[in-house]
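# Understanding the architecture of this molecule
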Amino acid sequence: MKEIFVSDIDGMAAGKDVVVKGWAQEIRVMKNIGFIIIRDSTGLVQATVKRDCPDFQLLEKISRESVVSVSGTIPESIKSNVGREIITSQITVLNLSETPLLIGITDNVETDMDTRFNSRFIDLRKPEIARIFRAKSAILWGMRNYLMSNKFMEVQTPKTVSAATEGGAELFHVKYFEKDIFLNQSPQLYKEMLVASGVERVFEVGPAFRAEEHNTPRHLNEFTSIDIEMAFADHNDAMLMLENAIANGIRNFMDTVKDAKSFSLVKSIPETPFPRITYSECLQILKKNDYPAINGDDLNNEALKIIGKRFEGFYFITEWPKSVRPFYTATLDEKPEYTKSYDLQFREIEITSGAQRVHNPVELKKRIEEKGLNSENFEFYLKTFRYGMPPHAGWGLGLERLVQVVLGLPNIREASLFPRDRTRVFP
Ligand code: 4AD
Ligand code: MG
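Below is a summary of the structure that appears in this document. The numbering scheme is per chain: residues are counted from 1 as the chain's sequence reads. Throughout, the order in which chains and ligands are written sets their labels, letters from A for the former and numbers from 1 for the latter. Totals for whole chains, interfaces and linings use all residues, but because this is a predicted model, local features are given only for residues with pLDDT of at least 70 and pairs of side-chain atoms are given and counted only at 80 or more. The side-chain numbers reported here are obtained from all heavy atoms of the structure, hydrogens and water having been left aside.

## A look at the overall build of the chain
- Helix and strand assignments come from DSSP, with helices taken as H or I runs of at least 4 residues and strands as E runs of at least 2, each series counted from the N terminus. Of the regular secondary structure elements, the chain holds 11 helices and 17 strands.
- Projected onto its principal axes, the C-alpha coordinates of the chain cover approximately 85 × 55 × 40 Å.
- Classification of the 427 residues of the chain by burial places 51% in the buried group.
- Between two residues, a contact is recorded if the distance between any of their heavy atoms is within 4.5 Å. Of all intrachain contacts in the chain linking residues separated by at least 6 positions in sequence, the fraction that spans at least 24 positions is 65%.
- Every accessible area reported is derived by Shrake-Rupley at a probe size of 1.4 Å, with residue values counting cover from the shown protein chains alone. Of the roughly 21200 Å² of accessible surface on the chain, a fraction of 51% belongs to carbon and sulfur atoms.
- As used throughout, the charge tally considers Lys and Arg to be positive and Asp and Glu to be negative, leaving His and the chain termini uncounted. Every charge is mapped onto a representative atom, which is NZ of Lys, CZ of Arg, CG of Asp or CD of Glu. Computed over 55 positive and 59 negative side-chain charges, the separation of the two mean positions in the chain equals 3 Å. Three exposure classes are used, based on accessible area relative to the maximum for each residue type with a 1.4 Å probe and protein chains only: buried under 20%, partly exposed in between, and exposed over 50%.

## Topic: the coordination of the magnesium ion (ligand 2)
- Only N, O and S atoms count as donors, using a 2.8 Å limit from the metal and a wider 3.2 Å limit for Na, K and Ca, and since water is excluded some coordination spheres may look unfilled. Bound to the magnesium ion (ligand 2) on the protein side are Glu-350 (OE) and Ser-353 (OG), at distances that span 2.1 to 2.3 Å.
- Judged by relative accessible area, Glu-350 falls into the partly exposed class, the value being 31%.

## Section: the packing of aromatic side chains
- Centre distance within 6.5 Å is the pairing criterion for rings of Phe, Tyr and Trp, where only the six-membered ring of Trp is used; planes under 30 degrees apart are then read as stacked, over 60 as edge-to-face, and the remainder as tilted. Under the definition given, this model contains 13 aromatic pairs.
- Between Tyr-176 and Phe-177 the ring centres are 5.2 Å apart and the planes differ by 70°, which places this aromatic pair in the edge-to-face class.
- Here the aromatic residues Phe-274, Phe-314, Phe-316, Tyr-342 and Phe-346 are joined through ring pairs into a cluster of three or more.
- Stacked on the ring of Phe-117, the Lys or Arg Arg-116 has its end atom at 5.5 Å from the ring centre.
- For the cation-ring pair, Lys-335 lies above Tyr-338, with the distance from its terminal atom to the ring centre recorded as 5.7 Å. The rule for a charge over a ring is simple: NZ of Lys or CZ of Arg within 6 Å of the ring centre, and within 35 degrees of the ring normal.

## Concerning the site of ligand 1
- For each residue, the test is whether any non-hydrogen atom lies within 4 Å of the molecule or strand; if one does, the residue is near. The local shell around ligand 1 holds 23 residues, among which Glu-166, Arg-210, Glu-350, Ile-351 and Arg-357 are the closest.
- By the criterion applied in these results, polar contacts are pairs of N or O atoms within 3.5 Å in which, for protein atoms, one can donate a hydrogen and the other can accept it, and in which residues neighboring in sequence qualify only through two side-chain atoms. Separating a nitrogen atom of ligand 1 from a side-chain N or O atom of Tyr-328 is a distance of 3.0 Å.
- For ligand 1, whose accessible area on its own is 620 Å², the fraction buried by protein is 93%.
- Elements supplying a minimum of two residues to the shell around ligand 1: helix 4 (188–196), strand 12 (222–231), strand 16 (349–356) and strand 17 (392–398).
- It is strand 16 that provides the largest number of residues to the shell around ligand 1, a total of 5 residues.

## Let's talk about the environment of Val-49
- As for its position among the elements, Val-49 is in strand 4 (residues 43–50).
- In this structure Val-49 comes out as buried when scored by relative accessible area, which is 0%.
- C-alpha separation for the pair Val-49 and Thr-73, spaced 24 residues apart in sequence, amounts to 11 Å.
- With residues up to four places along the chain from it excluded, the contact list for Val-49 reads Asn-32, Ile-33, Gly-34, Phe-56, Leu-59, Thr-88 and Ile-91.

## Brief notes about the nonpolar core
- Throughout this description, the term nonpolar core refers to a set of buried Ala, Val, Leu, Ile, Met, Phe, Trp, Tyr and Cys residues connected via side-chain atoms within 4.5 Å. Counting 49 residues, the largest nonpolar core has Ile-246, Phe-253, Phe-314, Trp-395 and Val-406 as its most contacted members.
- Considering every element that reaches this core, the biggest residue donor is helix 3 (residues 127–148), with 10 residues.
- Core analysis: the second largest hydrophobic core is formed by 22 residues, Ile-4, Met-12, Ile-27 and Val-68 among them.

## Structural notes on the pattern of salt bridges
- Salt bridges are identified by distance alone: a Lys or Arg side-chain nitrogen within 4 Å of an Asp or Glu carboxyl oxygen. Tallying each qualifying case throughout the model produces 26 salt bridges.
- Among the ionic pairs, Glu-213 bridges to Arg-422, the shortest N-O distance being 3.1 Å. Residue Glu-213 is located in the loop between strand 11 (201–209) and strand 12, and its partner Arg-422 is located in the segment after helix 11 (399–407); the two are separated by 209 residues in the primary sequence.
- Of the charged contacts, one joins Asp-343 and Arg-325 as a salt bridge, the two residues approaching to 2.9 Å between their closest N and O atoms. Of the two residues, Asp-343 is situated in strand 15 (residues 341–346) and Arg-325 in the loop between strand 14 (314–318) and strand 15; the sequence distance between them amounts to 18 residues. Take Asp-343 and Arg-325: they sit in the same class, and that class is buried.
- Through salt bridges with shared partners, a single ionic network connects Arg-116, Arg-120, Asp-123, Lys-126 and Glu-414.

## Topic: the sheet that holds strand 14
- The pairing criterion for strands is at least two bridges between them, as found by DSSP. Taken in spatial order, the 8 strands make up an open sheet running 7-11-12-17-16-15-14-13, and their pairing is mixed. Both edges of this open sheet fall to strand 7 (153–154) and strand 13 (276–278), since each of them pairs with a single strand only.
- Every axis in this analysis is a line fitted to C-alpha atoms, fitted for helices over the stretch in contact. Angles between the N-to-C directions lie between 0 and 180 degrees. Of the strands in this sheet, strand 7, strand 11, strand 12 and strand 17 touch helix 3, which is tilted by about 150° from strand 11.

## Here's the deal with helix 8 (residues 301–308)
- Listed in full, the buried residues belonging to helix 8 are Ala-303, Leu-304, Ile-306, Ile-307 and Gly-308.
- Summarising the contacts, the buried residues of helix 8 are in contact with strand 13, helix 7 (279–288), strand 14 and strand 15.
- One side-chain oxygen of the residue at the start of helix 8 lies 3.2 Å from the amide nitrogen of Glu-302, identifying that residue as Asn-300.

## Description of the side chain of Ser-80
- Inspection of the secondary structure assignment puts Ser-80 in the loop between strand 5 (67–73) and strand 6 (85–95).
- At 3.1 Å, the side chain of Ser-80 forms a polar contact with the backbone nitrogen of Val-82.
- Among residues more than four places away in sequence, those in contact with Ser-80 are Gln-46 and Glu-85.

## Regarding the pairing of strand 2 (residues 17–29)
- Sheet topology places strand 2 next to strand 5; 7 bridges connect them, and they run antiparallel. Across the sheet, Val-20 pairs through a bridge with Val-70, a residue of strand 5.
- Where strand 2 lies against strand 3 (residues 33–40), 6 bridges are found, and the strand directions are antiparallel. From the neighbouring strand, Ala-24 faces strand 3, where its bridge partner is Ile-38.
- In textbook terms, the turn of a hairpin is the stretch between consecutive antiparallel strands, and for strand 2 and strand 3 this stretch comprises 3 residues.

## Let's talk about the sheet that holds strand 10 (residues 179–183)
- Judged by pairing direction, the sheet is antiparallel, and its 3 strands sit side by side in the order 8-10-9 without closing on themselves. Of all strands in the sheet, those with a lone pairing partner are strand 8 (160–161) and strand 9 (173–176), marking the two edges.
- Both strand 9 and strand 10 contribute to a ladder of 4 bridges, which runs antiparallel. If you follow Tyr-176 over to strand 10, its bridge partner there is Lys-179.

Shown next, in the form of structure tokens:
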């Protein structure tokens, strides 16, 4: 007998014998007939159990969400509202589930987020939750594929580090034997050092840690960062790589995830190139809207809402002032107070930050010191710039943010399997 996924039943001929394994979502027993609705990751099937089945008595014992293996035959005509049916010849209970369940799976009651995350493994059995992670996986796969086909090498860099890259305030301190070290906020310095190691193009998909003090719908304390760095490239080259990687990620999601368009906010593969607007143009728009924004300041949420209204979906804000960008950001030759930097936005939400980097070691040291940092702590990084460092550019993208905007999720936590926030480091 063939062991199958539930959805493999579609298109199978009547009379075929099959074995399905999964979770008993619903059990109903009547006098002469009973039903188990079995769920696996691909869908539902009704196992119809007639009184003459030797395991009929088992129906009384099986609790909801128990794991079962059911053998049976595909009938001539299907009499089930789940659209799939087998006539059961044998039932094996592989593991009974305790009762009552920690949270409901099929009932229509709203369970609050905290309760759901406390029992996330059950929450993830709900198809409308599970599909978020199918989407995440498919988007990432499409982006990875795009980068791999553009000669990028995937790398892994340390997450325990002794120097901060994105500013000191959001660092998690860790006791590391006798030393006080940090959890890495970004692989920034490492990916640049790898460019100096003679690999022109690297990317990393890994965790990044930020000690964000406040609970917001778009911040996690541990998120997945997709980072790239490319040699002999400027900010424009890196932006091109970004928009195409995202388009390919969304294409793969739409091609491979069932009913993708029915549950995603983004309904088609975004057209490239994405629109671009400079920071200075943003200030002009804000001024026209009587919104007080000052040159040299970061754009806050309210300001970005005004700007975001002008675009359908993804758009770039380019040429940010030097004062709001990290020390490694290259400045524009003709306007040295502005940088070769960009953020990719979706409405008011920032998805990516990137830039061409400073590659001159003397300038880089000066920029580190201008930010009030001790350049001696960056010697391991600075020295890689003195022995043949190509000009380079790159970006860092928050994968959960991307999933959040593509699917239109109200809270970024929904895009993390086991979210970490100010109050949650469990489970
Ligand atoms: O804008 P950030 O801080 O930029 C960097 O880390 C640079 N090293 C990138 C570069 O190559 N220049 O972070 C990059 C992205 C953000 O745009 C956002 O999508 C995501 O990481 N991100 C977060 N996502 C969830 N929760 C948080 N607390 C995040 N902080 C940043
Ligand atoms: Mg940023």
